[in-house]
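For reference, the chains in residue letters:
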Amino acid sequence: QLQFVESGGGLVQPGGSLRLSCAASGFTMEYRAIGWFRQAPGKEREGVSCISSDAITRYADSVKGRFTISRDNAKNTLYLQMNSLKPEDTAVYYCAVDKALFKSCALTSRTYDYWGPGTQVTVSS
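In this text, all values refer to a predicted model and were calculated from it rather than measured experimentally.

The rules behind each value
- Residues numbered from 1 in each chain as written.
- Predicted model: local features only at pLDDT ≥ 70, side-chain atom pairs only at ≥ 80, totals over all residues.
- Heavy atoms only, no water.
- Buried < 20%, exposed > 50% of the residue type's maximum accessible area, 1.4 Å probe, protein only.
- Helix = DSSP H or I, 4+ residues; strand = E, 2+ residues; numbered from the N terminus.
- Pairing = 2+ DSSP bridges.
- Disulfide = S-S within 2.5 Å.

Let's talk about the pairing of strand β8 (residues 77–82)
Most of β8 sits out of view: five of its six residues are buried. Across six bridges, strand β7 (residues 67–72) lies against β8 in antiparallel orientation. When the sheet's bridge partners are listed, Arg71 is paired in β8 with Leu78. Counted between consecutive antiparallel strands, the loop separating β7 from β8 contains four residues, among which Asn76 sits at a positive phi close to 55°.

In structure tokens:
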């Protein structure tokens, strides 16, 4: 049974940093496309970053150069390092996984099947 435990969200000042973690059980991340999405109030869910089984990564233009996605296969945990945070980064952040094996990742939510509960990130002075 797939389970997610997310952590690392919170309140941070503009220009600060946070690292989000998504620890998973019930499946092996190494073999699947996994990613981070976010949703702010009144807005559609947005793809932030993803990583595929072949270690290819993708980033939304709005976070490129500031965010870094990574995966620890031994811990079966997904990370999102967020630097130079801006108020517009404020959102609920979700980790997600594609149920298919060995697929390339995409920043479209419809391609993902399982989702974590989400963690709040607030960037404010």
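After presenting the structure, the write-up continues.
Structural notes on the state of the cysteines
Scanning all chains against the criterion turns up two disulfides. Each disulfide pairs two cysteine sulfurs, and for Cys22 the partner residue is Cys95, the sulfurs being separated by 2.0 Å. Between Cys22 and Cys95, the S-S torsion sits near 45°, and that sign places the bridge as right-handed. One end of the pair, Cys22, is in strand β3 (residues 18–25); the other, Cys95, is in strand β9 (residues 91–97), with 73 residues separating them in the sequence. The exposure classification of Cys22 matches that of Cys95, with both residues buried. Paired through a disulfide, Cys50 and Cys105 show a sulfur-sulfur distance of 2.1 Å. On the sign convention where negative means left-handed, the S-S torsion of about 65° between Cys50 and Cys105 marks this disulfide as right-handed. Taken together, the residues Cys50 in strand β5 (residues 46–51) and Cys105 in the loop between β9 and β10 (114–115) connect sequence positions 55 residues apart. The exposure class of Cys50 is buried, given its relative accessible area of 0%.

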